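Residue strings, one per chain:
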Amino acid sequence: MKIAMIGTGYVGLVSGVCFSDFGHEVVCVDKDPGKIDRLNAGQVPIFEPGLEALMAKNVSAGRLSFTLDLAEAVAGADAVFIAVGTPTRRGDGHADLTYVMAAAEEIGRALTGYAVIVTKSTVPVGTNRKVAEAAAAANPDAKFDVASNPEFLREGAAIDDFMRPDRVVVGVESQRARKVMADIYRPLFLREFPVVYTGLESAEMIKYAANAFLATKITFINEIAALCEKVGADIKDVSKGMGMDGRIGNKFLHAGPGYGGSCFPKDTMALARIGQDHAVPMQITETVIKVNDEIKRRMIDKIVDLCDGSLNGKTIAVLGVTFKPNTDDMRDAPSLTIVPALVGGGAKVRVVDPQGQREGEALLPGVKWVESPYQAAHGADLVVLLTEWNEFRALDLSKLAKKMETPRMADLRNIYSLEEATEAGFQTYAAVGR
Ligand code: NAD
């Protein structure tokens, strides 16, 4: 199959590379000349484990290429995937469809024969029909169908998620489009990964419902964690005991500083707006958004308490600022709420993150970036463990404590325990929900 992938961000690039690894001929398109230059030089503009090697393999096999020229990529393609961003629209919380609709028009103009226009971006219900209208308006002679193919990969594990998905969701309305999609995903279907065919609206809805449900699960356990702190229960035991119930499952039950990232915050907000537009308020999702904001603020209170009520003049070492480990993505990371509050309170903040500095430098003004957790902790009053990178999971706690002015730790990912921290010389150790 010949595939054009529009957008080479976290989703577009991973999808394009993986489709080429299935054996398809893939041309990836982006509007950003810097990205295309880097890709053509064999460099991956984002940090995603395993991506550079898989990209190099398929480029050298002649199945994968990169261009700024959308029309050239679309001409002759069997399927054109839209994988551009759908950020929160400024001011109202709706998904901003500017990039999707601009891509739809451009694709419409560039079509030379029948193709399926596939929306991979996360888009509100009804968008695929708008994509069809936009492409048809741009080129009334164009022959195409639309398909909705939402993506469920997780950054940091994106290749494995794409190659071994729990399911592939395909919303289609014509047999011809279904056949094209089946041919594209045949390598997964043959390995018995399920492909779920639905209508367009259901496919669009599945993505928002799934993300809102996961955000709810995280927020639920974070709220239970707050209660655990008051009643003397340990959230790790509570999560374990709950998660063994097959109806609940043990994933997404880890208490922490609140969800962030490029999807949950914007997708919960967009679902809430879709509900309001249709006079069916998404009350649970609306509450989840509110509670998640409160959880992040509660983490700031916890840090202030550990600093004896005032951040002013304190030196704080922050370990990890990306929204989760194994990515360089800083979008809506909890650190973007927590770290500025520390700086604003007069603390001197040192930050260490294995991949976050490139994105984080502009987003976290007033902090000092250092190379190692021990360097960050030197003379510090408090260490805050904010992102559970592997590098921070096996710290030499005694060495860390010895470097500090006052050995205190806020372990917002529940990596360590009170016993081991105390044994290592920490005066104070605070976690979440314990
Ligand atoms: P991103 O911001 O990393 O990448 C989007 C890319 O599209 C950018 O490189 C941009 O330059 C390019 N672009 C925009 N308009 C273009 C155009 N007209 N032609 C060519 N290129 C264009 O975004 P992302 O994180 O990859 O997310 C893309 C979509 O996938 C979003 O809707 C998101 O919600 C969804 N999604 C993301 C994830 C994730 O983990 N990041 C997971 C599942 C779904």
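Since the model is a prediction, treat every value here as computed from it, not as a measurement.

**Structural notes on the pattern of salt bridges**
Phase 1 of the analysis: Scanning the model with the defined rule gives 20 salt bridges in all.
Phase 2 of the analysis: Here R413 ties to E388 by a salt bridge, and the two come within 3.3 Å at their closest N and O atoms. A residue pair is termed long-range when its members are at least 10 positions apart, and R413 in the loop between strand 13 (408-411) and helix 18 (418-423) and E388 in the loop between strand 12 (382-385) and helix 17 (397-403) qualify at 25 residues.
Phase 3 of the analysis: When salt bridges that share partners are traced, they join R129, E173 and E201 into one network.

**Observations concerning the nonpolar core**
In globular proteins that are soluble, nonpolar side chains generally tend to be buried together.
Phase 1 of the analysis: Core analysis: the biggest nonpolar cluster contains 43 residues, and F19, F81, M181 and I184 have the highest contact counts within it.
Phase 2 of the analysis: Among the elements that make up this core, the one with the highest residue count is helix 1 (residues 10-21) (6 residues).
Phase 3 of the analysis: When residues no more than four places from it in sequence are discounted, the contact partners of F19 are I3, M5, H24, V26, F81, F162, I184 and Y185.

**Regarding the sheet that holds strand 6 (residues 144-148)**
Phase 1 of the analysis: In spatial order, the strands read 3-2-1-4-5-6-7-8; together these 8 strands make up an open sheet with mixed pairing. Here the strands that pair on one side only, and so sit at the sheet edges, are strand 3 (64-67) and strand 8 (195-198). Here the strands of the sheet are splayed against their neighbours by 25° on average, with no regard to which way each runs.
Phase 2 of the analysis: Each of strand 2 (25-29) and strand 3 touches helix 2 (residues 33-40); the most contacted strand, strand 3, lies at about 150° to it.

**Side note on the environment of V169**
Phase 1 of the analysis: Inspection of the secondary structure assignment puts V169 in strand 7 (residues 168-172).
Phase 2 of the analysis: Residue V169 is classed as buried on the basis of its relative accessible area of 2%.
Phase 3 of the analysis: Taking the C-alpha atoms as reference points, V169 and F152, 17 residues apart in sequence, are found 9.2 Å from one another.
Phase 4 of the analysis: Excluding residues within four positions of it along the chain, V169 makes contact with S148, N149, P150, F152, V196, A203 and I206.

**Examining the domain arrangement of the protein**
Phase 1 of the analysis: In terms of domains, the protein is made up of domain 1 (2-198) and domain 2 (199-434).
Phase 2 of the analysis: Between the C-alpha centres of domain 1 and domain 2 the distance comes to 32 Å.
Phase 3 of the analysis: Across the boundary between the two partners, domain 1 contributes 37 residues, which contact 29 residues of domain 2.
Phase 4 of the analysis: Taken as a group, F47, V125 and E155 account for 25% of the area that domain 1 buries against domain 2, more than any other trio of residues on that side.
Phase 5 of the analysis: Where domain 1 touches domain 2, the interface holds 2 salt bridges.
Phase 6 of the analysis: Measuring nitrogen to oxygen at the nearest pair gives 3.8 Å for the salt bridge that ties R331 to E155.
Phase 7 of the analysis: Our enumeration of links across domain 1 and domain 2 arrives at 14 residue pairs in polar contact (both at pLDDT 80 or more).
Phase 8 of the analysis: No other element matches the 4 residues that strand 7 contributes to the side of domain 1 that touches domain 2.

What counts, and at which threshold
- In every chain, residue numbers begin from 1 and rise along the written sequence.
- Whole-chain, interface and lining totals are the exception, using all residues; otherwise, since this is a predicted model, local features are given only for residues with pLDDT of at least 70 and side-chain atom pairs are given and counted only at 80 or more.
- With hydrogens and water set aside, each side-chain value is computed from the structure's full complement of heavy atoms.
- When a carboxyl oxygen of Asp or Glu is within 4 Å of a side-chain nitrogen of Lys or Arg, the pair counts as a salt bridge.
- Only DSSP runs of H or I covering at least 4 residues are called helices, and only runs of E covering at least 2 are called strands; the numbering of each starts at the N terminus.
- Joining through side-chain atoms within 4.5 Å is the link that ties buried Ala, Val, Leu, Ile, Met, Phe, Trp, Tyr and Cys residues into a set, and such a set is a nonpolar core.
- Burial here depends on accessible area, computed with a 1.4 Å probe over protein chains only, as a share of the maximum for the residue type. Under 20% is buried, over 50% is exposed, and the range in between is partly exposed.
- Contacts: residue pairs with any heavy atoms within 4.5 Å of one another.
- We treat two strands as partners when DSSP finds at least two bridges between them.
- Axis lines are fitted through C-alpha atoms, for helices just across the contact stretch, and the angle between N-to-C directions can take any value from 0 to 180 degrees.
- As used throughout, domain bounds are those supplied by an automatic or database domain assignment.
- By definition, the buried area sums, over both parts, the 1.4 Å-probe accessible area that each loses when the two are put together.
- Whenever two N or O atoms come within 3.5 Å, that pair is a polar contact, provided that in protein one can donate a hydrogen and the other can accept it, and provided that, for residues adjacent in sequence, both atoms are side-chain atoms.

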